[in-house]
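So you can see what is in the structure, the chains are spelled out below.
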Amino acid sequence: MKVVFMGTPDFAVPCLRRLAESSCEVAAVFTQPDKPKGRGYKMIPTPVKAAAEEYGIPVYQPLSLRKGEDAEESLRILHDIAPDLIVVTAYGQILPKEVLELPRYGCINIHASLLPRYRGAAPINWVILNGETETGVTSMQMSEGLDTGDMLIRRSTRIGENETYEELYSRLSELGGKVLMDTVKSIGDGTLSPEKQDDSESCYSPMIRKEMSALDFSKTAAEIHNTIRGVTGFAMLEGKRIKVYRSAISDKIAPEAENGAIVGAADFTVKCGDGKCVTFLEVQPEGKKRMKTEDFLRGKKLTEGEILN
């Protein structure tokens, strides 16, 4: 089966690798343009481009597939390749109808949620922010709507109580590769049974905004914990920002303390709006590196009753 792969970030790399190491012919990879990074503004390839080059796969990086000269050239390239299938995983561009209808088997997308729940750009963040205990990966026949096509294969996984976005992202990216290959095999065997999505059960996961990381200690301990897990939290301590990368809900209850008060100076436990508490396990003080809280506390003495805001 001749395949064109479209993807950009680390999440998409396991899908590309599995395709490249299968019996499929990966004829081309489409990914976002390189971006400048660092003080020298050196152009950095996307993770998918770097992986494609390892396998010697031709790479194309159009600014747009929907308009302009890049779109026209991309459509010409795709017509020349005449792929049986286009696989899309976190590409970052919307495909026009002409591309969706071009391959023999159409275009399939690997989406990091159990559709129709959590359509949209940031499903992994939002399942954690909302305190979900289960998520997964869905392969979907692409249509012109946003993640609204027929579902092909769904695989679920439990979310750990303290699992962070980074950890879940890594697990789901590997699961995505497995779901993709199961889907490709079923396409070849003719055994797929597409299932319509029930729009009444859908919800969306919009882009994450920086301000969402600000910890509001009037919220419950679970909400604070999920914010830290889902988007990384931050608060102000003695006028300086401290990022919080990992936390756990404490057994301690402090209903009389002020919201945001340090109620455990020995382990950095903070009181939340429901009287319950959260313990910070991994932090990054302003101007310093990320570290375990025990290392932070070796150089910083906290005072019980001190307020974070």
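The structure this text deals with has already been given above.
Report on the accompanying structure. (Residues numbered from 1 in each chain as written. Predicted model: local features only at pLDDT ≥ 70, side-chain atom pairs only at ≥ 80, totals over all residues. Heavy atoms only, no water.)

1. Topic: the environment of P33
Step number 1: Tracing the backbone through its elements, the reader meets P33 in the loop between β2 (25-30) and β3 (35-37).
Step number 2: Taking the C-alpha atoms as reference points, P33 and A52, 19 residues apart in sequence, are found 14 Å from one another.
Step number 3: Beyond its immediate sequence surroundings of up to four residues, P33 is in contact with T46, Q61, P62 and L63. (Helix = DSSP H or I, 4+ residues; strand = E, 2+ residues; numbered from the N terminus. Contact = heavy atoms within 4.5 Å.)

2. Remarks on the packing of helix α1 (residues 13-20) against helix α2 (residues 47-54)
Step number 1: One can describe the packing of α1 onto α2 by two numbers: an axis separation of 9 Å at closest approach and a directional angle of 20 degrees. The orientation of α1 relative to α2 falls into the category roughly parallel. Like other packed secondary-structure pairs, α1 and α2 cross with a definite hand, here right-handed. Where α1 abuts α2, its residues V13, L16 and R17 lie against P47, V48, A51, A52 and E54. (Axes fitted to C-alpha atoms, helices over the stretch in contact; angles between N-to-C directions. Parallel < 35°, antiparallel > 145°, perpendicular 65-115°, else oblique. Left-handed = near helix turned anticlockwise from the far one by under 90°.)

3. Regarding the pairing of strand β7 (residues 107-111)
Regular strands show a simple pattern: their side chains alternate between the two faces of the sheet.
Step number 1: Counted residue by residue, β7 has 5 buried out of 5 residues, so it is predominantly covered.
Step number 2: Side chains of β7 alternate between two faces, with C107, N109 and H111 and I108 and I110 buried alike.
Step number 3: With 3 bridges joining them, strand β6 (residues 85-89) and β7 adopt parallel strand pairing. Residue pairing in the sheet places I86 in a bridge with C107 of β7.
Step number 4: Of the strand pairs in this sheet, β7 and strand β8 (residues 134-141) are connected by 4 bridges, and their pairing is antiparallel. If you follow I110 over to β8, its bridge partner there is S139. (Buried < 20%, exposed > 50% of the residue type's maximum accessible area, 1.4 Å probe, protein only. Pairing = 2+ DSSP bridges.)

4. What about the state of the cysteines?
Step number 1: A full pass over the atoms with the stated rule returns 0 disulfides.
Step number 2: No disulfide involves C15; its sulfur sits 12 Å from that of C24, the nearest cysteine. (Disulfide = S-S within 2.5 Å.)

5. As for the packing of α1 against helix α6 (residues 165-189)
Step number 1: Relative orientation of the contacting elements α1 and α6 amounts to 40 degrees, with a least axis distance of 7 Å. The orientation of α1 relative to α6 falls into the category oblique. Crossing hand, α1 versus α6: right-handed. Note on element contacts: α6 touches α1 through S173, E174, G176, G177, K178, L180, M181 and V184, opposite P14, C15, R18 and L19.

6. Considering the environment of G131
Step number 1: Here G131 shows up in the loop between α5 (123-129) and β8.
Step number 2: The exposure class assigned to G131 is partly exposed, which follows from its relative accessible area of 36%.
Step number 3: Separated by 96 residues in the primary sequence, G131 and T227 have C-alpha atoms spaced 9.4 Å apart.

7. A look at the pairing of β2
Step number 1: β2 sits mainly inside the fold: 5 of its 6 residues count as buried.
Step number 2: Pairing of strand β1 (residues 2-7) with β2, which is carried by 5 bridges, proceeds in the parallel orientation. Across the sheet, residue V4 finds its bridge partner in β2, namely A28.
Step number 3: Read as a crossover between parallel neighbours, the route from β1 over α1 to β2 is right-handed. (Right-handed = clockwise from strand over helix to strand, strands pointing away.)

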